[in-house]
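Listed below are the residues making up each chain.
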Amino acid sequence: MSFLFGRQPQMSSEQKIAQAEAEVDMVSDMYTRLVGSCSKKCIDTSYREPDLNKGESVCLDRCVAKFFEVNVKVSEKMQGEAQSQAGGGAAGAGGGRFGGGM
């Protein structure tokens, strides 16, 4: 009963593998949404030039930065709400990206 003294119970190998797979799926989904959203917003579909122009590069850079900033804020908010619902009371104390502890 180590959970009574503030420690997490040990996870089995299957649980660790399942958790790692879920994290990979979550990061892959986030990357797919990022690419789709920022490409749609910043890259002209007529493809007049073979390379990104300066405006497209700047737009993509800002879009990616905003995407990650919002992702971190949403993750922190969700972790804070989960902790307050669980009785932890430390709202906003989380800080992991992608909703996990990376």
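Conventions we followed
Residue positions are given per chain, counting from 1 as you read along its sequence in written order. Where local features are concerned, this predicted model is filtered to residues with pLDDT of at least 70; where side-chain atom pairs are given and counted, the filter is 80 or more; whole-chain, interface and lining totals use all residues. With hydrogens and water set aside, each side-chain value is computed from the structure's full complement of heavy atoms. Basic side-chain nitrogens of Lys or Arg form a salt bridge, by our definition, when they fall within 4 Å of a carboxyl oxygen of Asp or Glu. Numbering of helices and strands starts at the N terminus; helices are DSSP runs of H or I of at least 4 residues and strands are runs of E of at least 2. Side-chain rings of Phe, Tyr and Trp, where Trp is taken by its six-membered ring, are said to pair if the distance between their centres is within 6.5 Å; with planes under 30 degrees apart they count as stacked, over 60 as edge-to-face, and otherwise as tilted. When the sulfur atoms of two cysteines come within 2.5 Å, that pair is taken as a disulfide. Burial here depends on accessible area, computed with a 1.4 Å probe over protein chains only, as a share of the maximum for the residue type. Under 20% is buried, over 50% is exposed, and the range in between is partly exposed. Throughout, nonpolar core names a set of buried Ala, Val, Leu, Ile, Met, Phe, Trp, Tyr and Cys residues whose side chains join them through atoms within 4.5 Å. Between two residues, a contact is recorded if the distance between any of their heavy atoms is within 4.5 Å. In a helix, the anticipated span is given by 1.5 Å times the number of residues less one.

In the annotation of an unreviewed UniProt entry, the chain is listed under the name Mitochondrial import inner membrane translocase subunit and assigned to Massariosphaeria phaeospora.

Chemist: Summarise the pattern of salt bridges; cite the residues concerned and give the values.
Modeler: All chains considered together, the criterion is met by four salt bridges. In this structure, Asp 44 and Arg 48 form a salt bridge, with 2.4 Å as the shortest nitrogen-oxygen distance. With a closest N to O distance of 3.9 Å, Glu 81 and Lys 77 form a salt bridge. Of the two residues, Glu 81 and Lys 77 are both situated in helix 2 (residues 54-85); the distance of four residues between them amounts to about one turn of the helix.

Chemist: Requested: an account of the packing of aromatic side chains, with residues and values cited.
Modeler: Summed over the entire model, instances satisfying the criterion amount to one aromatic pair. Seen in terms of ring centroids, Phe 67 and Phe 68 are 6.5 Å apart; in terms of plane orientation they differ by 85 degrees. Their pairing is edge-to-face.

Chemist: Can you explain the state of the cysteines? Please cite residues and give values.
Modeler: Applying the stated criterion to the full structure yields two disulfides. Covalently, Cys 38 is tied to Cys 63 through a disulfide, its sulfur atoms 2.0 Å apart. Handedness of the Cys 38-Cys 63 disulfide follows from its S-S torsion of about -85 degrees: it is left-handed. With Cys 38 in helix 1 (residues 13-42) and Cys 63 in helix 2, this residue pair connects regions lying 25 residues apart in the sequence. Comparing Cys 38 with Cys 63, the two get one shared label, buried. Between the sulfur atoms of Cys 42 and its disulfide partner Cys 59 the distance amounts to 2.0 Å. Looking along the S-S bond of the Cys 42-Cys 59 disulfide, the torsion reads about -65 degrees, which is the left-handed sense. One end of the pair, Cys 42, is in helix 1; the other, Cys 59, is in helix 2, with 17 residues separating them in the sequence. Note on Cys 59: relative accessible area 22%, which makes it partly exposed.

Chemist: Explain the nonpolar core to me, using residue names and the numbers behind them.
Modeler: One recurring pattern in soluble globular proteins: nonpolar side chains tend to sit buried together. Formed by Met 30, Leu 34, Cys 38, Cys 42, Leu 60, Cys 63 and Phe 67, the largest nonpolar core amounts to seven residues. Secondary structure elements with two or more residues in this core: helix 1 and helix 2. Examining the composition of this core, we find that four residues originate from one element, helix 1, more than from any other. Apart from residues no more than four positions distant in its own chain, Phe 67 is found in contact with Met 30, Arg 33 and Leu 34.

Chemist: Can you break down helix 1 residue by residue, with the values?
Modeler: Compared with the 44 Å implied by 1.5 Å per residue over 30 residues, the 43 Å span of helix 1 between its first and last C-alpha is a close match. Among all positions in helix 1, only Met 30, Leu 34, Cys 38 and Cys 42 are buried. For helix 1, the secondary structure elements touched by its buried residues are helix 2.

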